[in-house]
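Chain residues, written in single-letter form:
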Amino acid sequence: MNRVFSPYLDQFVIVFTNDILIYSKNREEHAEHLRTVLQMLREKQLYGKLSKCAFWIESIDFLGHIILGQGLSVDPKKVEPVEKWPTPKSVTEVRLFLGLAL
C-alpha cells in the first residue's frame, strides 16, 4: 500500500497496513483526493470492503488518536487504563506497569 500511494503519502494520504486515511482542508479538495485514491485502487486492481469504509466524516479514531478538523488528540479510552493503574509498591509492580505503558 505504501508503494501504491507513495506519490500522495503525507500530502493527503496516510496508510497503515491496509487502512487508508484521506485528509483534506475542505470538501472540494476532499472530493478530488477521494477520486484520486479510488482511481489508484482501481488501476492497481485493489478493492475495499464497502462495509468497512467511512466517507465524508468529520472525525475518526485512528491508531489510538482522535482526528478532528481542529486537530489531533489522544483517545481517552487508551489513556484510561494507565490513569486507573494503582500506584506500584514494589519493583515487580513497576515492571508490570512499564509493560503496560510501553
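Residues numbered from 1 in each chain as written. Predicted model: local features only at pLDDT ≥ 70, side-chain atom pairs only at ≥ 80, totals over all residues. Heavy atoms only, no water.

1. What about the nonpolar core?
Note on soluble globular proteins: their nonpolar side chains tend to be buried together. If you look at the biggest cluster of nonpolar residues, it comprises 10 residues: Val-4, Phe-5, Phe-12, Val-13, Val-15, Ile-22, Leu-34, Val-37, Met-40 and Leu-41. Within the residue set of this core, elements represented by two or more residues are strand E1 (13–16) and helix H1 (27–43). Once residues lying within four places of it in the same chain are set aside, the contact partners of Val-4 are Met-40, Lys-44 and Leu-46. (Core = buried A, V, L, I, M, F, W, Y, C linked by side-chain atoms within 4.5 Å. Buried < 20%, exposed > 50% of the residue type's maximum accessible area, 1.4 Å probe, protein only. Helix = DSSP H or I, 4+ residues; strand = E, 2+ residues; numbered from the N terminus. Contact = heavy atoms within 4.5 Å.)

2. As for the environment of Val-91
Along the chain, Val-91 falls in helix H3 (residues 91–101). Taking the C-alpha atoms as reference points, Val-91 and His-65, 26 residues apart in sequence, are found 31 Å from one another.

3. Describing the pattern of salt bridges
According to the stated counting rule, one finds 3 salt bridges in the structure shown. We note a salt bridge from Arg-27 to Glu-58, for which the minimum N-O separation is 3.8 Å. Within this pair, whereas Arg-27 is found in helix H1, its partner Glu-58 is found in the loop between H1 and strand E3 (59–62), the two being separated by 31 residues in sequence. Its salt-bridge partner being Lys-84, residue Glu-80 comes within 2.8 Å of it at the nearest N-O pair. Residue Glu-80 and its partner Lys-84 are located together in helix H2 (residues 76–84), separated by 4 residues, close to a single helical turn. (Salt bridge = Lys/Arg side-chain N within 4 Å of Asp/Glu carboxyl O.)

4. Considering the confidence of the model for the protein
For the protein, per-residue confidence averages 88 on the pLDDT scale, and 100% of positions sit at 70 or higher. When the elements of the protein are averaged for pLDDT, strand E5 (residues 71–74) gives the smallest value, 80, and H1 the largest, 94. (pLDDT = per-residue confidence, 0-100.)

5. A word on unusual backbone geometry
Glycine aside, residues mostly have negative phi, and peptide bonds are mostly found in the trans state. Positive phi values are uncommon outside glycine, yet Thr-17 reaches one of about 55°. Even without glycine at this site, Leu-63 takes up a positive phi of about 55°. The class for Leu-63 is partly exposed, based on a relative accessible area of 47%.

6. Considerations on a nonpolar patch on the surface
On the surface, a nonpolar cluster with roughly 410 Å² of combined accessible area is contributed by Leu-38, Leu-50, Phe-55 and Trp-56. Looking at the secondary structure, you find Leu-38 in helix H1. Under the relative-accessibility criterion, Leu-38 is labelled partly exposed at 42%. (Patch = residues over 30% accessible without salt bridge, like charges linked within 9 Å, V, L, I, M, F, W, Y side chains within 5 Å. Areas by Shrake-Rupley, 256 points an atom, 1.4 Å probe, with all protein chains shown as cover.)

7. Considerations on the environment of Ile-60
Relative to the helices and strands, Ile-60 is located in strand E3. If we ignore the near neighbours within four places in the chain, the residues touching Ile-60 are Leu-21, His-65, Ile-66 and Ile-67.

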